[in-house]
Amino acid sequence: MREPLIFDQGRPGRRAPSQAPAVAAGTDDLPAALIRRTPPPLPEVSELQVVRHFTRLSQLNFSIDTHFYPLGSCTMKYNPRAANKLAMLPGFLDRHPLEPEAHAQGFLECLFDLQEMLKAATGMTGVSLTPMAGAQGEFSGVAMIRAYHQARGDTARDQIIVPDAAHGTNPATATMCGCDVVEIPTGPDGDVDLAALRQVVGPRTAGMMLTNPSTLGVFERQIAEIAEAVHGAGGLLYYDGANLNAILGRALPAAMGFDVVHINLHKTFSTPHGGGGPGAGIVAVNDRLEPFLPIPIVGRRDGAAGHAYRWLAEAERPQSIGRLSGFMGNAGVLLRAYVYMRLLGAEGMRRVSGYATLNANYLMKRLAAAGFTPAFSQRRASHEFIISLKDVTRDTGVSALDFAKALLDKGFHAPTTYFPMLVPECLLIEPTESEARQELDAFAQALIEIRDLAFKDAAEVKSAPRTLPVRRLDDVRAAKQLDLTWQSRADSPAVSPR
Amino acid sequence: MREPLIFDQGRPGRRAPSQAPAVAAGTDDLPAALIRRTPPPLPEVSELQVVRHFTRLSQLNFSIDTHFYPLGSCTMKYNPRAANKLAMLPGFLDRHPLEPEAHAQGFLECLFDLQEMLKAATGMTGVSLTPMAGAQGEFSGVAMIRAYHQARGDTARDQIIVPDAAHGTNPATATMCGCDVVEIPTGPDGDVDLAALRQVVGPRTAGMMLTNPSTLGVFERQIAEIAEAVHGAGGLLYYDGANLNAILGRALPAAMGFDVVHINLHKTFSTPHGGGGPGAGIVAVNDRLEPFLPIPIVGRRDGAAGHAYRWLAEAERPQSIGRLSGFMGNAGVLLRAYVYMRLLGAEGMRRVSGYATLNANYLMKRLAAAGFTPAFSQRRASHEFIISLKDVTRDTGVSALDFAKALLDKGFHAPTTYFPMLVPECLLIEPTESEARQELDAFAQALIEIRDLAFKDAAEVKSAPRTLPVRRLDDVRAAKQLDLTWQSRADSPAVSPR
Amino acid sequence: MPFIPHTTDDTAAMLGAIGARTIDELFDEIPPALRVVGLPGVPVGLSEAAVTRLMRERAARNRATLCFLGAGAYEHHIPAAVWEIATRGEFYSAYTPYQAEASQGTLQLIYEYQSMLAGLTGLEVSNASLYDGATAFAEACLMAVRGARQARARRIAVPRYMNPVWLKVARTLVAGQNIELVELTATAGRTDLEALADLGDQDFAAICIPYPNFLGGFEPIDELTNWAHARGMLVIAACNPTALALLRPPGEWGEKGADIACGEGQPLGIPLSSGGPYFGFLTCRKALVRQMPGRLVGGTLDVDGRPGFTLTLQAREQHIRRSKATSNICTNQGLMVTAATIYLSLLGSEGLRRVAAQCHANTLELVRALASVGGITAPSAPFFHEAVLTLPWPVAPVLQQLAAAGILGGYDLSADFPELGSALLVCATELRTTEDIAVYRRALAGVLGVAVAA
Amino acid sequence: MPFIPHTTDDTAAMLGAIGARTIDELFDEIPPALRVVGLPGVPVGLSEAAVTRLMRERAARNRATLCFLGAGAYEHHIPAAVWEIATRGEFYSAYTPYQAEASQGTLQLIYEYQSMLAGLTGLEVSNASLYDGATAFAEACLMAVRGARQARARRIAVPRYMNPVWLKVARTLVAGQNIELVELTATAGRTDLEALADLGDQDFAAICIPYPNFLGGFEPIDELTNWAHARGMLVIAACNPTALALLRPPGEWGEKGADIACGEGQPLGIPLSSGGPYFGFLTCRKALVRQMPGRLVGGTLDVDGRPGFTLTLQAREQHIRRSKATSNICTNQGLMVTAATIYLSLLGSEGLRRVAAQCHANTLELVRALASVGGITAPSAPFFHEAVLTLPWPVAPVLQQLAAAGILGGYDLSADFPELGSALLVCATELRTTEDIAVYRRALAGVLGVAVAA
Ligand SMILES: Cc1ncc(COP(=O)(O)O)c(C=O)c1O
Ligand SMILES: Cc1ncc(COP(=O)(O)O)c(C=O)c1O
């Protein structure tokens, strides 16, 4: 059964009366010209219709709570319910962000502890929790690097070196910060091409954005040499922490020579992905960049009566690159990450990277043994690995996309496809540490069955998915005949039937 | 995809370690003979597996939040989320039932207010909130009636008159109270056979259990005469309030001559049905039966410092029929009903019965117009009505059960079937006031389509449901080869595959 | 007019289709004299915002206290996942699974619940739940009388140190069926085996053995079980379910094991919630299955041979057997069973065992700490999870002052069991910390005006 | 080892299959010098019960206060259904809907959200959300520069009385792209139209018009819109979304209507939650759709002709256009959009209009009540939802004493806008009652040592 749009279920004048004031207050003191003439096209439905509509819509989604979700580079691990429940305690939820610090000591203490633990997890000395997702964390990193060079009069340094395998947000961020992006290739065995790097570093190098392990799912073995090359040329090294799940408690970005790292709390520290956010892309820096950290930051003053926590802002951090959020960032996400980290503890963090890596290597081995082609079969998988379906596609015409759709019919969310773009017909598979072995075996079995079917009846595979609310959608039509709102359909009914 | 049993997903030694003490405390001070030798066969699974398993299981259910659920005599109206959220406030949820009353004044005030509103809604003068479902409410009613007679030395009165259309809990309760059940028939036009009643009432009559409107969905027009007959013979009149949704704010059971009434808060006052409870079957009485009410009851003492609320128990109510619960009843259900009643208010309660009756009469009219046979077409439908499929079954072999199963495929939960048993191939349909007209029209359309198909291809209808997790189940096998636990399957694998 | 979706146009069109002018007209079959217009005693409706504010103020008036009180309801840790899943609309707003194909979620969950409770109690069958522990004990008595070999036997032997409220409830519920609960003599806090001889050859349908008993002590389970079976009686166990992860289950008592087990399910993931809703569990041997009250879910196959679940043996129940039903129960405690099944899955056998062991260890630590306060004597016999302390002063005023200091000190036994003197039943679950116990000790010493070493 | 399902057998078998002896061996590609064994700064893991107790204690240390503070975050009523549905696992734990067939729930919800926000702002296109109001304003500026007809125009005109933090954030985010935010002269609490002439013929890409402005007042929206369009500038509206149910939307400003609208979505069902996560909305005319940052969901058909939804125009985004993307945003505020869409469905146009009207009426009542305290002057110009009171004393100490009395009195404007003197920005949402306002009035009078009539 298709779930109609909420708008199509309404009737003029229908309302959920207990949700708004019983009596409409007068507004005749306001200038008549300012009063809206036609009401906005919001739904006119009952509370039961709203509950039913959105409960039914939720059931159409694949999610971690219902499916194995090995979406590479997204770390779709279990999001503990305790983090949600405790972040939504009234004491945190009902507090205005501008309340005096004296009223918010409990909240600020959680954030201060979180800052300290993130320093420990990265080996860095300064942390700011305010970036609201990885992309904003990257922005902070590159902006701090530029501020660092500007503070030293080094204004010529406007180039950011980005490996071709880097996530799209890296180059987009560099441009946003007014830098030129210099892309360098990746070698055949998955490492950054050191020679190419050594050629491009120079007086215009502001810094390099590196993900380690890279989005190819392999550890950057020449990290020391890379750091040395970049620092040698006067540049700084930025760490995209999206893949921290691979090395948590095993290696410290600071020790690798990175100057600044962002961490996606909604990946490594399991805050919910929420259908596309909210996340948090906190940044951690060594002492070189500490003055430039985005504000506000939580500071602690040790007085006689114990600790007093407070916000450090413009006055205390004059060289800061400034503010990134209307108040202080995604507070609720920070509290959820804090609860998760207190549940894990130091030993639990080490286990995260250990078992994420065990799961990835086991699944890679099972698939390789079944004849699939890992992109880097001589390498250890990190917390994720790449399978290239180039040969199967060549032999049967069945692509990585077709495999992805067929996996949906078998009850598995697909891995990341066609990223990083270097590897043809690429599946980037990240099982995470919270999946049991039986789930990995079932997933491998599903891929094997799909491949067998590809050789027997390619059309059958290409017709997937068949068991979901819709079959494959016409993306060209979606872009050509733009249908972005319900009310726009009234003007062009041909666009798509109600 | 079938969801395997939670037990089949476990592995020996697998656990959710953060949910239990990290270190196992020693128990060597306990006698060795008392220590359990083999661990209980509980699942050994991870927290993610538990969340996934029960999230997936929930999606297999029809419910009010996902489907139109016209289950006659169950009043499946919208359960407001506010009632759940506010009943689960820590101040109510974290309180031990035996905490001193001084610590529970907020909780007790809610219960006292609820008692007062239930008196107003029934016209009665005394209320006890402790019965934990309709059946316990009935037990209280019959037990009070017996206690009343015993207190007057009227020990011979051990007969309870029950109309044949009454719900099964009525006769079962009468027996449980040590009474003999005297069943009287219902007349052709849906009213109790007054003549039959007048014949059976006499010196052994303890009382009569009556549902008004009856489970036939029609108001008991001769209620005054019935009350007069029962009271005239020295008996008392008990009101099964399961159908109060029909007359809330329109007529008062006390005025109809009833001495005691039970109300199912999980029907009329929308507390959740929870897959089979919890409910609350509160009882309200006139002054005749007040001394016998089950305890504890909330009393109020008006002191200088405002009200003080306290429990009235054995000391204050020596004639009470006693206690029905380990503490005081289903507190959380009472709080949810209280929130619902404060949201409705007096005017809102009247609208409940008004629109429940409008919906039932409209749907009955639509179906009659489409050629279906209401059991009592000359009567007004109350909040529910009966359609008999006797003729369709005779002509096509397609039964009420087949219609019910076909409705599931069309996304509607089935009405109550084969109850009350008087009406052959009976569908007892109760739309409730919270359903919109478009839902009723769609439901009528579905019944019409099923009937048309019955005449074209009876086998097709009889093969329903086809779109659900299972097709029709073998009830005979379930009773013959009893498979009531997972561990029992190990002894008789033939019973049913894991 | 909350929760009513009808617009003025809808109502007009619907009345038109019915052929009535107004909604009031639809009530014309109610004799005019019985018609009322309003509900004077009911206040005007409030918005959700107003009710939220009202309930928050009232909830805040219930002072938070440090809980050392058990006596039938225990403050255990409840994993966050339990209620975030149990209140999903598909569990919260479904009803009894009459249409099996549309209720496989609830049905499979109840089947899993039945497996867990039968296994926990070491017996073979569990129903889908009863209202609470007290009514489960009453239904167990009725079931024993129905199932007893001597049809005439309508007496149940009950130890002195059973939950006193459970006994009151059972007496109320069985009053109409002339069943008598006969109290057994007790010495030193448990049933006196020698005194059993005084019963002579009176007919008993069953004996109930609480585990642990109301004082936290242990009844002579094997001796009583064998004694009862020798007299053709059934054995009913009344258990704290958490204990069964650590202690020998009723199914393994005496030579043949208990026949029926019942108890309060609140400790399995249900919040204290001011008194309820909790749930009662009831399990038994296969032979007694047809005497079981309430719902039963069975595994079976569908027409295509796929496994599924359905309500079974419904002929016992009131909606089929009416006056001859095993019980009048219909709606039971479905939502609580949903929560308990998730709780037991999250804890597992080892997790629940550690909770039980920690409760025991904490109670031991509590008893030692309080007994170190002058004049307070600890129990001698072994106990589990709860223990009786004897105070040198009347218990009630001590508890009152402790409550004023924000501490729920325990249950005053002197009213129910005068022979125990100033006896205070204390309990410490796995949630009580050493610091909490120290707070209690200091407060108690203060109340008793006794100086104690820090 | 929470959240790890591997038993010792699993691990052994998996290592066997890989051909490694231990898990540590799998990290042999990390240069030995870089390997660490532990994380000294991280404390030992706690049980869920222990973390629950810790967080409850910390949450309880945040005193509950009576809120008359707005300045970008507002305490509105949030229907209970909003978060009970938004935190269902299928919304809470899904990610960006890359596989459309497996994400129709999120995709259809975003499409409905886009319809509601476009309609609310009177424009044609909405994206799927940005981080918050401040970053939405910054992205609107970047979008305007991209979309401006004069390619060279890299200045944005901003009124003086805009949210000061939003300006700081925008300056930080656009710093790298030499875009300049130029402050317009203001008189009597709003932009001075005459002073516009001082700008001469400088190139501007756009003007931003806050609605209401930071003082709760109204900018000359029609005049500014027409003035900007006449100079080939785009018009950006920065709106409080609740107001748009009552007031004329940006799409109907001036002759041609604003081109872009942005703002903070927190008032639409998002709790204050100590600062976030909130969400930013961004809507625009169809002509500018290709300049829109972030995700867009479009309706389309599947191979069988059935309607469905999918991410569209992804070529604008970073995962396709990389360095030439319209924005670097990837993860946005999906869960907040889910809550806001449920909120807007529950309120509907009439419900949201009544919330806006009540906020206005309550703020009027608040201003009248506080102005009746000696020495306090009320604003003269019309305002909506927030208003500026001028105190006879410095604001900061007054607010401090009010906070000690459990009242959040408002926002101290004197630091950001010295020209306003001792100016206090106060706000009363639909949740503030007459009684609350009386409590504030009494407390303020007490703080100011002024006697007031009861
Ligand atoms: C490798 C990598 N870097 C950066 C990002 C951007 O993080 P966010 O989506 O939180 O902005 C992602 C997000 O998926 C990523 O996978
Ligand atoms: C008419 C009627 N009476 C009594 C009952 C028994 O109520 P409960 O199920 O709450 O015990 C019901 C339950 O469905 C009923 O419909």
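None of these values were measured; they are calculated from a predicted model.

**Re the overall build of chain A**
Phase 1 of the analysis: In terms of helices and strands, chain A carries 16 helices and 13 strands.
Phase 2 of the analysis: Taking 498 residues into account, the globule formula puts the C-alpha radius of gyration at 23 Å, and chain A, at 25 Å, falls close to it.
Phase 3 of the analysis: Projected onto its principal axes, the C-alpha positions of chain A cover 75 × 70 × 45 Å.
Phase 4 of the analysis: Counting over 498 residues, chain A shows a buried share of 71%.

**A word on the nonpolar core**
Phase 1 of the analysis: Ranked by size, the top nonpolar core spans 442 residues in total, and within it Phe269 of chain A together with Phe269 of chain B carry the most contacts.
Phase 2 of the analysis: Other than its neighbours up to four places away in sequence, phenylalanine 269 of chain B contacts Leu118, Leu244, Leu248, Ile263, Asn264, Ala337, Tyr340, Met341 and Met349 of chain B.

**Looking at the site of ligand 2**
Phase 1 of the analysis: Near ligand 2, the surroundings consist of 16 residues, among which Ser73, Asp240, His266 and Lys267 of chain B together with Thr331 of chain C are the closest.
Phase 2 of the analysis: Nearby residues place ligand 2 at the junction of chains B and C.
Phase 3 of the analysis: Taking serine 73 of chain B, its side chain carries an N or O atom lying 2.4 Å from an oxygen atom of ligand 2.
Phase 4 of the analysis: Histidine 266 of chain B is positioned with one of its side-chain polar atoms (N or O) 2.7 Å from an oxygen atom of ligand 2.
Phase 5 of the analysis: Among the elements that take part in the shell around ligand 2, helix α5 (residues 134–151) of chain B stands out by supplying 3 residues, more than any other.
Phase 6 of the analysis: Split into classes, the residues belonging to the shell around ligand 2 amount to 5 nonpolar, 8 polar and 3 charged.

**What to know about the pairing of strand β2 (residues 159–163) of chain A**
Residue and element names in this part refer to chain A.
Phase 1 of the analysis: Most of β2 is tucked away: 5 of the 5 residues are buried.
Phase 2 of the analysis: Alternating residues of β2 divide into Gln159, Ile161 and Pro163 and Ile160 and Val162, and every residue in both groups is buried.
Phase 3 of the analysis: The pairing of β2 with strand β3 (residues 180–184) spans 5 bridges and is parallel. Within β3, the position partnered with glutamine 159 by the bridge is aspartate 180.
Phase 4 of the analysis: In terms of handedness, the path from β2 via helix α6 (residues 169–176) over to β3 forms a crossover that is right-handed.

**Overview of the interface of chain C and chain A**
Phase 1 of the analysis: Every contact between the two is made by 13 residues of chain C and, on the other side, 18 residues of chain A.
Phase 2 of the analysis: A buried area of about 1,300 Å², summed over both sides, lies between chain C and chain A, and 52% of it is on carbon and sulfur atoms.
Phase 3 of the analysis: For the interface between chain C and chain A, the tally reads 3 salt bridges.
Phase 4 of the analysis: Here aspartate 10 of chain C ties to arginine 14 of chain A by a salt bridge, and the two come within 3.1 Å at their closest N and O atoms.

**A closer look at the environment of valine 261 of chain A**
All names here are of chain A.
Phase 1 of the analysis: Within the secondary structure layout, valine 261 lies in strand β6 (residues 260–264).
Phase 2 of the analysis: For the pair valine 261 and arginine 336, spaced 75 residues apart in the sequence, the C-alpha separation amounts to 20 Å.
Phase 3 of the analysis: Residues contacting valine 261, with those up to four places away along its chain left out, are Thr122, Met124, Tyr239, Gly241, Pro253, Ile282, Val283 and Ala284.

**Quick word on the environment of leucine 289 of chain A**
Residue and element names in this part refer to chain A.
Phase 1 of the analysis: Note that leucine 289 resides in the loop between β7 (281–285) and β8 (297–303).
Phase 2 of the analysis: Sequence separation of leucine 289 and methionine 144 is 145 residues, and the distance between their C-alpha atoms is 6.6 Å.
Phase 3 of the analysis: Aside from chain neighbours lying at most four places away, what touches leucine 289 is Met144, Ile145, Tyr148, Leu236, Asp259 and Val260.

**Description of the site of ligand 1**
Phase 1 of the analysis: Taken together, 16 residues sit near ligand 1, with Ser73, Asp240, His266 and Lys267 of chain A together with Thr331 of chain D positioned nearest.
Phase 2 of the analysis: For ligand 1, an oxygen atom lies 2.8 Å from a polar atom in the backbone of alanine 135 of chain A.
Phase 3 of the analysis: Threonine 331 of chain D is positioned with one of its side-chain polar atoms (N or O) 2.6 Å from an oxygen atom of ligand 1.
Phase 4 of the analysis: Protein coverage of the free-state accessible area of ligand 1, which is 390 Å², stands at 99%.
Phase 5 of the analysis: For the shell around ligand 1, the leading source of residues is helix α5 (residues 134–151) of chain A, giving 3 residues.
Phase 6 of the analysis: A breakdown of the residues in the shell around ligand 1 according to their chemical character gives 5 nonpolar, 8 polar and 3 charged.

**Structural notes on the domain arrangement of chain A**
Residues and elements named next belong to chain A.
Phase 1 of the analysis: Here chain A is partitioned into domain 1 (6–21 + 28–53), domain 2 (82–343) and domain 3 (348–480).
Phase 2 of the analysis: A C-alpha centroid distance of 30 Å is found between domain 2 and domain 3.
Phase 3 of the analysis: The interface is formed by 27 residues belonging to domain 2 together with 21 residues belonging to domain 3.
Phase 4 of the analysis: Considering only the side of domain 2, the residues that lose the most area to domain 3 are Leu216, Asn245 and Arg250, jointly responsible for 30% of the buried surface there.
Phase 5 of the analysis: Applying the counting rule to domain 2 against domain 3 returns 1 salt bridge.
Phase 6 of the analysis: Residues arginine 379 and aspartate 191 are paired through a salt bridge, measuring 3.3 Å at the closest nitrogen-oxygen approach.
Phase 7 of the analysis: Seen at the junction of domain 2 and domain 3, the total is 11 residue pairs in polar contact (both at pLDDT 80 or more).
Phase 8 of the analysis: Looking at the side of domain 2 that touches domain 3 residue by residue, the class counts come to 13 nonpolar, 9 polar and 5 charged.

**Some words on the packing of aromatic side chains**
How two aromatic rings sit relative to each other is set out by the distance from centre to centre and by the angle between their planes.
Phase 1 of the analysis: This model, assessed by the stated rule, comprises 38 aromatic pairs over all chains.
Phase 2 of the analysis: Judged by centre distance (6.0 Å) and plane angle (85°), the rings of phenylalanine 327 of chain A and tyrosine 278 of chain D are edge-to-face. Note that phenylalanine 327 of chain A is positioned in the loop between β9 (306–312) and α10 (331–369) and tyrosine 278 of chain D in the loop between β9 (260–264) and β10 (280–284), a pairing that runs across two chains. Summarising the burial analysis for this pair, phenylalanine 327 of chain A and tyrosine 278 of chain D share the class buried.
Phase 3 of the analysis: Here tyrosine 211 of chain C and phenylalanine 218 of chain C contribute two aromatic rings whose centre-to-centre distance is 6.3 Å and whose plane-to-plane angle is 65°, an arrangement assigned as edge-to-face. Each member of the pair, tyrosine 211 of chain C as well as phenylalanine 218 of chain C, is classed as buried.
Phase 4 of the analysis: Site record: aromatic cluster; members linked through ring pairs are Tyr78, Phe269 and Tyr340 of chain A together with Phe3 of chain D.
Phase 5 of the analysis: Against the face of phenylalanine 204 of chain D rests arginine 155 of chain D, its NZ or CZ located 5.9 Å from the ring centre.
Phase 6 of the analysis: A cation sits over an aromatic face here: arginine 432 of chain D above phenylalanine 68 of chain D, 6.0 Å from the ring centre.

Quick notes on the rules
- Residues numbered from 1 in each chain as written.
- Chains lettered and ligands numbered in written order.
- Predicted model: local features only at pLDDT ≥ 70, side-chain atom pairs only at ≥ 80, totals over all residues.
- Heavy atoms only, no water.
- Helix = DSSP H or I, 4+ residues; strand = E, 2+ residues; numbered from the N terminus.
- Rg over C-alpha atoms; globule rule 2.2 N^0.38 Å.
- Buried < 20%, exposed > 50% of the residue type's maximum accessible area, 1.4 Å probe, protein only.
- Core = buried A, V, L, I, M, F, W, Y, C linked by side-chain atoms within 4.5 Å.
- Contact = heavy atoms within 4.5 Å.
- Near = heavy atom within 4 Å.
- Polar contact = N/O pair within 3.5 Å; in protein donor to acceptor, adjacent residues only side chain to side chain.
- Nonpolar A, V, L, I, M, F, W, Y, C, P; charged D, E, K, R; others polar.
- Pairing = 2+ DSSP bridges.
- Right-handed = clockwise from strand over helix to strand, strands pointing away.
- Buried area = accessible area lost by both parts, 1.4 Å probe.
- Salt bridge = Lys/Arg side-chain N within 4 Å of Asp/Glu carboxyl O.
- Areas by Shrake-Rupley, 256 points an atom, 1.4 Å probe, with all protein chains shown as cover.
- Domains from an automatic or database assignment.
- Phe/Tyr/Trp six-rings, centres within 6.5 Å; stacked < 30°, edge-to-face > 60°.
- Lys NZ or Arg CZ within 6 Å of the ring centre and 35° of its normal.

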